[in-house]
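For reference, the chains in residue letters:
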Amino acid sequence: MADMYMVKAGFHTKHFKTFEENNFIGIESDFKDLSSVENKQDLRQLSEEVYPDLSERDRRNTTNIVSILLFDFNIDDYVISFDCHNRNYIIGTVKSDYIYDENLDTPHIRNVEWIGKIDRDNLYMHVQKNLEDTRPIFKIYPEYVTELLKELENNPV
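Everything quoted here is computed from the prediction, not taken from an experiment.

Visitor: How should the environment of V50 be read in this particular structure?
Guide: Along the chain, V50 turns up in helix 2 (residues 40-50). Its relative accessible area of 26% is what places V50 among the partly exposed residues. A sequence separation of 56 residues divides V50 from T106, and the C-alpha atoms of the two residues are 17 Å apart. Not counting the four nearest positions on each side in its chain, V50 is found in contact with D30 and F31.

Shown next, in the form of structure tokens:
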């Protein structure tokens, strides 16, 4: 089974409609185009230039978030994002490698094909709790991926 990653749509899900309407997910960052960065070590080194005023811990956390989008996503992995206003999740599959678009509020992106939505309130509490992690991007545990896809199949919004 393909992996699934939660990609938060910003504070109060402000980027959700942009993600949904333009078929991508993305993250905010002070990094510029990372297309030529080949590995996590190079990204860590670059972070020292981009974030010189952050503590080592904060710089590592920021770098880890970008690193997931850059190096961990694969084509056809699942992504999920939340719309707090309508209380539903949108699920899709990754359709591109990393893209940088400086004209976006979330310039580090992956194109996505959305496959459906599910109502948050239909999910089991343990799945809801897993999706409430505070990190802006993170991998979903495989057992929860199965439950999310089953919910999408049985009760799409």
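Now that the structure has been shown, the text picks up again.
Visitor: Help me understand the layout of surface pockets in this model?
Guide: Gaps left between atoms show up when a probe the size of a water molecule is rolled over them. Considered as a void within the structure, the largest pocket measures approximately 320 Å³ in volume. Contributing to the lining of the largest pocket are 17 residues, with K8, A9, G10, F11 and P136 lying nearest its centre. Tallied by class, the residues present in the lining of the largest pocket amount to eight nonpolar, seven polar and two charged. In this structure, the second largest pocket spans a volume of roughly 150 Å³. Lining the second largest pocket, in full, are Y5, N61, N64, I65, I68, D72, R135, I137, F138 and K139. Going through the elements one at a time, helix 3 (56-72) and strand 7 (137-139) are the ones with two or more residues in the lining of the second largest pocket. Among the elements that make up the lining of the second largest pocket, the one with the highest residue count is helix 3 (five residues). A per-class count over the lining of the second largest pocket returns five nonpolar, two polar and three charged.

Scoring rules and cut-offs
- The residue numbers shown here count from 1 along each chain, following its written sequence.
- Given that this is a predicted model, residues contribute local features only at a pLDDT of at least 70 and side-chain atom pairs are listed and counted only at 80 or more, while totals for whole chains, interfaces and linings are drawn from all residues.
- Water and hydrogen atoms were dropped before computing side-chain values, which therefore reflect all heavy atoms in the structure.
- Only DSSP runs of H or I reaching four residues or more are called helices, and only runs of E reaching two or more are called strands; each is numbered from the N terminus.
- Buried, partly exposed and exposed residues are distinguished by accessible area as a fraction of the type maximum, computed with a 1.4 Å probe on protein chains only: under 20%, between the cut-offs, and over 50%, respectively.
- Whether two residues are in contact is decided by their heavy atoms, any of which lying within 4.5 Å being enough.
- Any residue with an atom within 4 Å of a point lines the site, the site being either a cavity, points on a 1 Å grid over the protein atoms alone where a 1.4 Å probe fits but cannot get out, or a pocket, an open set with protein on both sides within 12 Å along at least 5 of 7 lines.
- Grid points are joined across faces, edges and corners, and a volume is the space filled by probe spheres set on the points.
- Classification convention: Asp, Glu, Lys, Arg as charged; Ala, Val, Leu, Ile, Met, Phe, Trp, Tyr, Cys, Pro as nonpolar; all other residues, Gly among them, as polar.

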